[in-house]
Amino acid sequence: MIEPTKIVCIDDFEPHIGAEAVERIHRKAKPLQDVHITHVNSTYYGGGVAELLSSKTLLMNSLGIKTGWRVIQGSPDFFSITKKIHNALQGEAIDLTERKKRIYEDVVYENVVRNHLMHDIVVIHDPQPLPMIRHYRKYGPWIWRCHVDLTNPNKEVMKYLTPYIERYDAVILTLREYKQRLKTPQRFFFPSINPFSIKNRELNEEEIDERLDHYDIPTDLPLVVQVSRFDRWKDPKGVVEAFRIARKEVDCTLVLLGNVATDDPEGEDVYNSLLEKREDRIIILSVQDTALVNALQSRAAVVLQKSIREGFGLTVAEAMWKGTPVIGGNVGGIRHQIQEGRNGFLVSSVKEAAERIVRLVKDKELNRTMGERARETVRKNFLLSGAVERYLDLFNSFETNYRIARKK
Ligand code: UDP
């Protein structure tokens, strides 16, 4: 029998955040010992939310807070409607018929019937499980954590969802500029990365070579990489176009690595539409290999995240943590990670992206200094320890009429 690998704990973060911060986090966790919390979302795999929850729930448990994670289930119809709602929250039009609302609400209700949520605190992620709150007796605060880019949400969808949202005790959005007109108090939390996960831990050169060789990724030329769910909001076609323009000036290889989240029915089509763009130096891969994500982000000369909308964009912080400069779409959460021209580049067109690829591939010194600053930006702002501390502050702030307060 193999002994389980030790779970990461907050003390492990000391080299990155210092002893004082570690001590402070322990102190904030103390009043919450044995408090029972659950997170609910709609996919255990693919996309940033699953990525965040897998690390955060473990770290919370290591701090003595009993934190669970439930995933709601649904038919393809349900996920096709929730993806439309997600797209509408990011600004697209939606035809929200009674039939669609019925499927959405019925599937949510089925999940309510099979999930007994009597926790001290419940955190519901994104629109898919949002209406669950309607059917429960609350034993403590319920929080809605919305990860999408709410710069300009469709009014019809907001009107439909608002009565559900306002049943929550708090709403967490990623950025201050996503603030909505709601009666519920709103907080703003950046997501974060786990520096010890297989995706983000430091790899040596042999480990990187081994992963790249395994997928026949050539390393003779500089690598230009985008790692993203196959989703049109991530603009993979724009990445290919930018690469083609850049290649007229610098020789390099493009790798687009992507996956399809279980709650995103559009991914398959986006992937298929990219396949015709494959060439000798344009590699399009759909494999589920976290160490490959790490190897690509670590070895790349440049990482792109050319999104058109982006709630936050964990892939940006992941690459920056590896000291790789990122060219990001000038939207949403990417703007809060990249400072234009300092630790990466922000772009608004294919042409700009192409020009920045050329610069970063050609100018090694610029590439190195930007990469160093990028890593430092992530160390200061986007590590998991900081995200956990923000949650602890929120949990500790709830009023005394909840069961959790009696434990203080
Ligand atoms: N990801 C992955 N493999 C892939 C594509 C993406 O592991 O082929 C991961 C990526 O490393 C990141 C997450 O999925 O951790 C995507 O999160 P992000 O916030 O960038 O975007 P989202 O998918 O949530 O819109």
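Description of the structure in this document.

### What to know about the site of the ligand
Okay, so step 1: Residues in contact with the ligand amount to 17 residues; listed here are only the nearest, Gly-48, Arg-229, Lys-234, Leu-314 and Glu-318.
Okay, so step 2: Gly-48 is positioned such that a nitrogen or oxygen atom in its backbone is 2.6 Å from an oxygen atom of the ligand.
Okay, so step 3: In the environment of the ligand, an oxygen atom lies 2.6 Å from a nitrogen or oxygen atom belonging to the side chain of Arg-229.
Okay, so step 4: Among the elements of the structure, α3 (48-62) and α11 (314-321) are those that each provide at least two residues to the shell around the ligand.
Okay, so step 5: Considering every element that reaches the shell around the ligand, the biggest residue donor is α11, with 3 residues.
Okay, so step 6: The residue makeup of the shell around the ligand, split by class, is 4 nonpolar, 7 polar and 6 charged.

### Topic: the pattern of salt bridges
Okay, so step 1: On inspection of all chains with the given rule, the structure shows 34 salt bridges.
Okay, so step 2: Among the salt bridges present, the one from Lys-83 reaches Asp-231, with a minimum N-O distance of 3.1 Å. Placement of Lys-83 in helix α4 (residues 76-89) and of Asp-231 in the loop between β7 (223-227) and α8 (236-246) is noted, with a sequence separation of 148 residues between them. Grouping residues by exposure puts Lys-83 and Asp-231 together as buried.
Okay, so step 3: Here Arg-299 and Glu-205 are joined by a salt bridge, their closest N and O atoms 2.8 Å apart. Taken as a pair, Arg-299 in helix α10 (residues 290-299) and Glu-205 in helix α7 (residues 205-214) lie far apart in primary sequence, 94 residues in all.
Okay, so step 4: Each of Lys-83, Glu-92, Arg-229, Asp-231, Arg-232, Asp-264 and Glu-266 takes part in a single network of salt bridges with overlapping partners.

The rules behind each value
- Residues numbered from 1 in each chain as written.
- Predicted model: local features only at pLDDT ≥ 70, side-chain atom pairs only at ≥ 80, totals over all residues.
- Heavy atoms only, no water.
- Near = heavy atom within 4 Å.
- Polar contact = N/O pair within 3.5 Å; in protein donor to acceptor, adjacent residues only side chain to side chain.
- Helix = DSSP H or I, 4+ residues; strand = E, 2+ residues; numbered from the N terminus.
- Nonpolar A, V, L, I, M, F, W, Y, C, P; charged D, E, K, R; others polar.
- Salt bridge = Lys/Arg side-chain N within 4 Å of Asp/Glu carboxyl O.
- Buried < 20%, exposed > 50% of the residue type's maximum accessible area, 1.4 Å probe, protein only.

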